[in-house]
Amino acid sequence: MTSVKDHLRAKAAAGAVKPVSPVSPLVRAALAITDLKSEARAERDALHGILNKLDAGFWDWDIPTSRIWYSDYILTLAGYDPKDVTSAETFFKSGVHPDDAQELSSAIQRLVDGAVDGFRGEFRYRHKQGHWLWFESSGQSVVRSDTGVALRIFGQVTCIDDLKQQKADAAFLVDLVDAMHSTSDAKAIAQTAAQSLGEYLGADRINIGKYEDKSRTMIVDVEWVSSLSNSLLGRWPAAPEDWWYDEAKKERDIIVINDVDLSDAGKNSDFLAFHKRVRGIAFVRVPIVIDDDIRATIVVSQATPRNWQQREVSLIKEVADRLWETILRAQAEEEQAASQKLLRFALRAAKMSARRLNMETGEVLLSENFSNMLSDDVPEDLTTGDYISRVHPEDMAQLLSCFEEGQTVDHGGGHRYIAADGSVRHIDAFIQFDDDNDHSPTTPRFASTILRNVTQKRHLEAEAEKVRLQLLKHSRLSAMGVMASTLAHELNQPLTVAANYLAMVENGFETRPDKVKLYAQRAAEKVLEAGSTIRNVRDYAADGAVSRRPEDLRHLVSMARSSIFDTPGQNHSTLVLNAVPEDLTVLVDARMVEHAIANILRNAVDALENRPDGRIDISARRAGEMIDLHIADNGPGMDDDVAVNLFSPFITTKEKGTGLGLPLCRTMVEANGGKISLIRHDDRGAVFSITLPCAEPAHPIQEG
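Below: a short report on this structure.

1. With respect to the overall build of the chain
Looking only at helices and strands, the chain has 20 helices and 23 strands in total. Expressed as a percentage of the 704 residues in the chain, the buried residues total 38%. Pairs at least 24 apart in sequence give 58% of the contacts found in the chain among residues at least 6 apart.

Okay, here's the thing in structure tokens:
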């Protein structure tokens, strides 16, 4: 079609229009205006072509002609091919969300009317596939009329859907975590997560199941379903051809299927038929793998094909992680609460209390029964200094010393606490130094103390000790009759020896002065020994006092042996082997222990009478804080019924025995903190054991 400008130019060239005609100035002006508009359109089209090649959304609106131009990028964002759009105006109006259309139109109208120089607004636009996308648009007038009305507006469109969804997802996740933390029941937590996630994503079904230990069977006990889906609650063993379990265990990855008909997994007819039967055409399956085992699974299902967005998959994965963390937290809190309840019960039952001191801040935590334990009015903010000030002065140094010994070991001990009314409480305390990670640190942060009020126990023990001492005294007095009978038995030996020595001197069997003097001295010693025996028995019967001093055990054995085998006028053929080491020192009353050893030796000699091969073996060894002395013979032994009652009074195997020797030996050994027993009595002979306290500690303290 020939334009007006071209027609006028043709007439002028043909002479139809004279250059000097009266209308020529008007024609020239019209031609000039037409040229300007044509150049402007050309420049605009060129600009549109350049902008159309950029990955940016631009639009240009010529208001007088209602001509709207969109760059192809805007159409692509909405999922359209530019060839599909015939009317830009229709495209814009038909896609804007109804809830956003009015506000957006009003903002643009204010710009057109000149009320504002520009505008910026957010709106939702329907994607070609049906879902909504968030856009942000801004515009500014580039041409206005003399009255200020906009004639042309140029603007830009940006897709802010990802940003909007990220904010929405973050807000949803925060609200969900708060909701899950509001309960401590694991199943309720999972149900809250399933319902919230299903409603937020607009899904049809969400299942949460846990796997049995070392099994491919999933137990689905939590489910949220819409009206379109079937329930999957129950047990679901994995089919032999189910590839997902092994794949998920190996890759620890999420399975995303938009349409089972189109997926590779859908080639398996059983897999396809199952998911269609349970109305799960599209789904996202998230495994929870711990220690190389699948512990649980979250499945978000759709009854129709769905193009799962990456943000949706990420959100499902985040919900799964937070769900598992919340369940573990709830279980840990439940176990902690149960442990604390059990601890409070144990402390109450044992009448104990706990105290924890932060040695850096000085903060003190007390168990709820601390005041009751002390039977005193104790403030909740009781400081360490306040407690120490109430400790008995005599016990304070010992209590404080545990904080000055390096604080690398535990300490146990007792102290006295003075209550507000002046009464005294006896407290047993166990102190442990630790920090958050190591219970034996070099520089601990905390001092934890378990305290127990043992006041009543101490009073009962004191009363029991009084009763025991009274009973012991009465027992000793009641045993005086037996002790009196034993004196003749015990005094017989030293007095007989003394009489033999004196008879030899009196009858002149020895005329050498040195021998006479020696026999007289030994006779005097035995007489003094008899007197000492009487005094000791009397003292022991009165108050049970025993004079214990460190004594060389080998010397005690030698003295007891000499009292038996060095008696004048007697002939002993028994071989005695003394294998007692020289470095064994016992804490005993020498006279009592020597007498007990001599009594055992005398019994062994009597058992070996008329035996040419008679032998007595004496040995000793260290056993911790005690020393074991064994006296063994190769005599005939004794019957079991005799052995059982051997240490009872008046039980004897001798024709003229009184049966009081061994009971007295036991009394004397036990009075020295020891023990005497028969450990063998068969036909190979008898073995007696005398256990005595060692005079030196097993682990002496090294100075320096």
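2. With respect to the sheet that holds strand β23 (residues 685-693)
An order of β18-β20-β21-β23-β22 is seen for the five strands of this open sheet, with the pairing classed as mixed. Each edge of the sheet is formed by a strand with only one pairing partner; in this case those strands are β18 (575-579) and β22 (675-682). Averaged over neighbouring strand pairs, the angle between their axes works out to 15° when direction is ignored. In this sheet, strand β20 (residues 615-623) lies alongside β18 in parallel orientation, the contact comprising five bridges. Looking at β20, one finds that N578 is bridged to I618. Running at roughly 20° to strand β21 (residues 626-633), helix α18 (residues 590-607) makes contact with β20, β21, β22 and β23 of the sheet.

3. Describing the sheet that holds strand β12 (residues 352-358)
The five strands are arranged β13-β12-β16-β15-β14 in an open sheet whose pairing can be described as antiparallel. With one partner strand each, in any of the chains shown, β13 (364-366) and β14 (411-418) form the two edges of the open sheet. This sheet shows a mean twist of 25° between the axes of neighbouring strands, independent of strand direction. Two strands pair when backbone bridges link them, and β14 and strand β15 (residues 424-434) are joined in this way by eight bridges, in the antiparallel orientation. Each bridged residue has a counterpart across the sheet, and for G412 the counterpart in β15 is F430. Packed onto the sheet, helix α13 (residues 393-401) meets β14 and β15 and runs at close to 150° relative to β14.

4. What to know about the environment of H127
Residue placement: H127 occurs in the loop between β3 (118-126) and β4 (132-144). A C-alpha to C-alpha distance of 7.9 Å links H127 and G95, two positions 32 residues apart in sequence. Reaching out from H127, the side chain makes a polar contact with the backbone nitrogen of Q129 at a distance of 3.1 Å.

5. What to know about helix α4 (residues 88-95)
Residues of α4 that are buried include every one of A88, F91 and G95, and no others. Down the axis of α4, the sector holding all buried residues measures 60°, keeping them to one side. For α4, the exposed residues lying more than 90 degrees away from the buried face are K93 and S94. Tucked inside the fold, the buried residues of α4 contact β2 (67-70), α3 (72-77), β3 and β4.

6. Description of α18
Taking 1.5 Å of rise per residue, the 18 residues of α18 would be expected to cover 26 Å, and the 26 Å separating its terminal C-alpha atoms lies within 8% of that figure. In terms of residue burial, α18 counts as a mostly covered element, since 13 of its 18 residues are buried. Its side-chain oxygen at 3.2 Å from the backbone nitrogen of R591, D589 defines the N-terminal cap of α18.

7. Focus on the packing of helix α6 (residues 161-181) against helix α7 (residues 186-201)
The relative placement of two packed helices is expressed as an angle between their axes plus a distance between the axes. Between α6 and α7, whose axes approach to 10 Å, the crossing angle comes to 155°. As summarised for this structure, α6 and α7 are arranged roughly antiparallel, according to the angle between their axes. When the axes of α6 and α7 are compared, the crossing they make is right-handed. Facing α6, whose interface residues are Q165, A168, D169, F172, L176, A179 and M180, α7 presents I189, T192, A193, S196, L197 and Y200. Its residues assigned to classes, the contact of α6 with α7 shows nine nonpolar, three polar and one charged.

8. Some points on the pattern of salt bridges
Oppositely charged side chains can form a pair if their charged atoms are brought close together. Counted by the stated rule, this structure contains 17 salt bridges. Linking R124 and D100 is a salt bridge whose minimum nitrogen-to-oxygen distance equals 2.9 Å. Of this pair, R124 sits in strand β3 while D100 is found in helix α5 (residues 98-112), placing the two residues 24 residues apart along the sequence. The salt bridge involving E136 is made with R120; its shortest N-O contact spans 3.5 Å. Of this pair, E136 sits in strand β4 while R120 sits in strand β3; the two residues are 16 residues apart in sequence, bridging distant segments of the chain. The exposure class assigned to E136 is partly exposed, which follows from its relative accessible area of 21%. Since its relative accessible area comes to 60%, R120 is described here as exposed. What you see here is one network of salt bridges that share partners, running through D169, R306, R311 and E312.

Reading the values: rules and limits
Residues numbered from 1 in each chain as written. Predicted model: local features only at pLDDT ≥ 70, side-chain atom pairs only at ≥ 80, totals over all residues. Heavy atoms only, no water. Helix = DSSP H or I, 4+ residues; strand = E, 2+ residues; numbered from the N terminus. Buried < 20%, exposed > 50% of the residue type's maximum accessible area, 1.4 Å probe, protein only. Contact = heavy atoms within 4.5 Å. Pairing = 2+ DSSP bridges. Axes fitted to C-alpha atoms, helices over the stretch in contact; angles between N-to-C directions. Polar contact = N/O pair within 3.5 Å; in protein donor to acceptor, adjacent residues only side chain to side chain. Arc of directions from axis to C-beta. Expected span 1.5 Å × (residues − 1). Parallel < 35°, antiparallel > 145°, perpendicular 65-115°, else oblique. Left-handed = near helix turned anticlockwise from the far one by under 90°. Nonpolar A, V, L, I, M, F, W, Y, C, P; charged D, E, K, R; others polar. Salt bridge = Lys/Arg side-chain N within 4 Å of Asp/Glu carboxyl O.

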